[in-house]
Amino acid sequence: MGTATSLEFSKMGRAWIPMAETLVPLPTSSQRTQAHTGDPRLPLSCSGECWQPGQELAGVLSFPPTLPRHQVLRIFAADEAQVQKVKELEDLQHLQLDFWKGPTWPGTPIDIRVPFHSLQAVKIFLEAQDIRYEIMIEDLQSLLDEEQEQMFAFRAQVQSTDTFNYATYHTLEEIYNFLDLLVAEHPQLVSKIQIGKTYEDRPIYVLKFSTGGNNRPAIWIDTGIHSREWVTQASGVWFAKKITQDYGQDPALTNILNNMDIFLEIVTNPDGFAFTHSKNRMWRKTRSLTSNSLCVGVDPNRNWDAGFGNAGSSSNPCSDQYRGKFPNSEVEVQSIVNFVNNHGNIKAFISIHSYSQLLLYPYGYTSEPAPDKEELDKLAKSAVTALSSLYGTKFKYGSIITTIYQASGSTVDWTYNQGIKYSFTFELRDSGRYGFLLPASQIVPTAQETWLALMTIMEYTLNHPY
Amino acid sequence: MQPRGQPPFAPQPGPARPYAAPWALLLLQLLLTLRGAAVPLQDPAVPLQGPRGTDSPAAPSWAMLQQAARVALHFFNFHSGSPSELQVLANVQTGGWQVDPQRGYHINLVFSTESYHLQDGKPRLGKCFARVFFQNQKPRPAITMTCTGLSEKNRTLQEDHLLYEQLKQMKDALTVGGIPDDYGYIDPSVRPIWDLAILGSSYVMWERTTQFSYYYPLQLSRVKQWKTSDHAIDFDYTVLLHEFPTQEIIPCHIHLIWYPGKPLKVKYRCEEIQTPVEASSGTEEGSAVAATEFSNF
């Protein structure tokens, strides 16, 4: 006899489809005497849905029929004899009783879920034996429905980007759900593009914010290329929401979107991100397998075709800066390369990392200054000034190689060499106190201040077409 | 434009400059540094752009000044032996250097600090004057320094004793792991363990830092042993260090013995990244160094 309760079952979130049904009222005591046909243990005929004991488990796997008008009775056996009588009920298979709390000894209540078709028989039996009982749950189905409603209601709370919690870290599933919600809420402004599939076959999504036009000049922002840098994906989610809020409200952002498109890739390394949640919070790279090595993953920010193989990356597959066997070996990188090449009209490219509080421009692979160094330096200075205006967070800026370290095969070196002049890399909070393990309370402030820097760059890009 | 990063009276760095600067000149340099004769970084947002790609191949970058300040603080924290008085870098204010391509970099620094612990929600501000010598490519730079603006010595000792008492109460520290947790949270009840772990890590980070590599402690991942008595706390744990520029996460197993006011005793062993299975044709990646024990016991 199963002790798995139906309530637990419902918590697994299976959908219950209520069946239309007519309720047969239970006879009153006077009627009962008339209906009594002798041995109360004789079954009523089983019509309609008959619930087999083993069916419960099967129901877990496939959407089950309902439990219409099932009741849960609580029985108080006064003595051992009464306990025995209740035990006899257990043996009657055709009643299909589900003992939630089996008969043990007098004084301990016995709880039984009784299918509708057995209700009359059981109650008559109990009353005939003078066994006290009460109806604990009058209608199990409606209770389940209510619970299901509650669960749906709970899910309804995260069925809107207005009730989504931006001040906490989310899983890949939650972020992917968020993408769909945002698109559903703003179909005129936001669309979701799949640019590829990861090594482990997860879809790679980019949000497109556009008010029309045909292949307008565009701004690209990506977060989470290094999966352990959790504040970046979290900020990306916040940026997405911010854009939808500010379009039509904030003149600057409205102006940008009336002339340009924005592409936002929030989880740029989905396999790595899933891995940081499931196995190793400190995972940085992709999850691709390298032949002849036990080590997994390539550093996606060393895999681009700019100075590939130079000092500033590693040929050791076990290294966290492993560059891969060849440029764009990583599908996560190749997908973006394809997108950028096919689009052909991206004017600013911003790749977001953490931590160190820096705003960087090319190059990382060479100490040769970028031809637009002066302009990029000035723009970087304005951007970090805007950033620090909010909470006083201090950012340093400069070229990658002079400000942080030599890095070859990095994203913005490639995009810059493709002609995307305004190519920047951010390193968000903090400066080493928590590092990657930035407390969630800092997500929104980080996103807010970074947004000011992004707006500076985007506005500048709009006003300086090339 | 005034060449940045050099005291006006300093000899120009050039090729094959022998390290024969008289001590008087060095002292003068230091004094000048202290009196701000070195070019100050007036705008903290502006990075110092050291001479780059010109005649002085060995000129250090602005980033190296930061590293020098950081490692000086690791050294300071270790030597102070006080988990309640840990300092972190705020800003490098002035930086001067002298380069000897044969031997290494002498870096003079003035930098501001913040206390790791907040007092009334704010960190306590301090200032340090340091001289850091990075011997070419070698770790464990030689450091002389002095800091001002710190808490009074007695007060520090008092706080350390309080911390000690708190730590003695922790019986099941052995089950502790993941401080901070994956979401950056540190429960206030285990905060003292984290502070002590950072103190021990400071020794390790000082010993490992070179002019190119520096470290941050990310997480206390495991406690192997925790013994408290009236005489000392005996703490054996694993801390994950984040190494720049390699981006590696280095687990270091640290065994320390601490008592307030006494010098910290530390023994440690860090794991290195695996070797590639296939033989590498390049020479840039050496095989994993066999982890050896280091200690000051």
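Residues numbered from 1 in each chain as written. Chains lettered and ligands numbered in written order. Predicted model: local features only at pLDDT ≥ 70, side-chain atom pairs only at ≥ 80, totals over all residues. Heavy atoms only, no water.

What's the story with the domain arrangement of chain B in this structure? I'm lost.
Accessible area lost upon the coming together of the parts serves often as the stated size of an interface. Residues and elements named next belong to chain B. Along its sequence, chain B is organised into domain 1 (2-148) and domain 2 (170-295). Roughly 2200 Å² is buried in total at the junction of domain 1 and domain 2, and carbon and sulfur atoms are behind 62% of that figure. Together, His74, Phe78 and Arg140 form the three largest contributors to the area buried by domain 1 at its contact with domain 2, with a combined 29%. Our count for the contact surface shared by domain 1 and domain 2 stands at nine residue pairs in polar contact (both at pLDDT 80 or more). Among the secondary structure elements, those contributing two or more residues to the side of domain 1 that touches domain 2 are helix H2 (62-80), strand E2 (104-119) and strand E3 (122-135). (Domains from an automatic or database assignment. Buried area = accessible area lost by both parts, 1.4 Å probe. Polar contact = N/O pair within 3.5 Å; in protein donor to acceptor, adjacent residues only side chain to side chain. Helix = DSSP H or I, 4+ residues; strand = E, 2+ residues; numbered from the N terminus.)

Can you walk me through the sheet that holds strand E9 (residues 346-354) of chain A in this structure?
The strands making up a sheet associate through hydrogen bonds between their backbones, and the pairing can be parallel or antiparallel. Residues and elements named next belong to chain A. Strand order in this open sheet of eight strands is E5-E6-E8-E7-E9-E12-E10-E11, and the pairing throughout is mixed. Where the open sheet ends on each side, the last strands, each with one partner, are strand E5 (190-197) and strand E11 (396-399). Going across the sheet, the axis of each strand differs from the next one's by a mean of 20 degrees, ignoring polarity. Bridge analysis of strand E7 (residues 218-223) against strand E8 (residues 261-265) gives five bridges, and the strand direction is parallel. Note that in E8 the partner of Trp220 across the bridge is Phe263. Each of E5 and strand E6 (203-209) is contacted by helix H7 (residues 172-185), which is oriented at about 30 degrees to E6, the strand it contacts most. Sitting on the sheet, helix H11 (residues 331-343) touches E5, E6, E7, E8 and E9, and the angle it makes with E5 is about 125 degrees. (Pairing = 2+ DSSP bridges. Axes fitted to C-alpha atoms, helices over the stretch in contact; angles between N-to-C directions. Contact = heavy atoms within 4.5 Å.)

Can you walk me through the side chain of Thr425 of chain A in this structure?
Within the secondary structure, Thr425 of chain A sits in strand E12 (residues 422-428). For Thr425 of chain A, the contacting residues outside a window of four places in its chain are Ser351, His353, Leu358, Leu359, Leu360 and Val412 of chain A.

What am I meant to see in the confidence of the model for chain B here?
Detail in the predicted coordinates should be disregarded across regions flagged by low pLDDT. All names here are of chain B. Looking at chain B, the pLDDT average stands at 77 and 72% of residues meet or exceed 70. When mean pLDDT is taken per element in chain B, strand E7 (residues 249-258) scores highest with 97 and helix H1 (residues 23-34) scores lowest with 45. Scored below 50 in pLDDT, residues 1-21 shows 41 contacts in the model against residues more than four places distant or in partner chains. For residues 278-291, every residue scores under 50 in pLDDT, and the model assigns this stretch 15 contacts once sequence neighbours within four places are set aside. (pLDDT = per-residue confidence, 0-100.)

Honestly, the interface of chain B and chain A in this entry has me stumped. Any pointers?
With 43 residues of chain B in contact, the opposing surface of chain A contributes 47 residues. For the pairing of chain B and chain A, the buried interface totals around 3700 Å² over both sides, and the portion due to carbon and sulfur atoms is 53%. Ionic pairing is found between Arg433 of chain A and Glu114 of chain B, a salt bridge with its closest N-O pair at 4.0 Å. Connecting chain B to chain A are 12 residue pairs in polar contact (both at pLDDT 80 or more). Among the elements of the structure, H2, strand E1 (87-100), E2, strand E5 (214-228) and strand E6 (233-244) of chain B are those that each provide at least two residues to the side of chain B that touches chain A. Residues of the side of chain B that touches chain A, tallied by class, amount to 20 nonpolar, 13 polar and 10 charged. (Salt bridge = Lys/Arg side-chain N within 4 Å of Asp/Glu carboxyl O. Nonpolar A, V, L, I, M, F, W, Y, C, P; charged D, E, K, R; others polar.)

Sorry if this is basic, but what is going on with the pattern of salt bridges here?
Pairs can form between side chains of opposite charge whenever their charged atoms are close. For the coordinates displayed, the defined rule picks out 22 salt bridges over all chains. For Arg191 of chain B, the salt bridge is made with Asp195 of chain B, and the minimal N-O distance between the two is 3.5 Å. Residue Arg191 of chain B and its partner Asp195 of chain B are located together in helix H4 (residues 191-208), separated by four residues, close to a single helical turn. Classification of Asp195 of chain B as buried rests on a relative accessible area of 2%. Here the salt bridges do not stand alone but share partners, grouping Glu200, Arg202 and Asp271 of chain A into one network. (Buried < 20%, exposed > 50% of the residue type's maximum accessible area, 1.4 Å probe, protein only.)

I tried to follow the pairing of strand E4 (residues 142-148) of chain B on my own but got confused; where do I start?
Looking along a regular strand, one sees the side chains alternate between the two faces of the sheet. Residues and elements named next belong to chain B. Covered by surrounding structure in E4 are Ile143, Met145 and Cys147 only, the residues Ala142, Thr144, Thr146 and Thr148 on the alternate face being uncovered. By the bridge criterion, seven bridges tie E3 to E4 in an arrangement that is antiparallel. In the strand pairing of E4, Arg131 is matched with Thr144. Between E3 and E4, which pair antiparallel one after the other, the connecting turn spans six residues, and Gln137 there sits at a positive phi close to 65 degrees.

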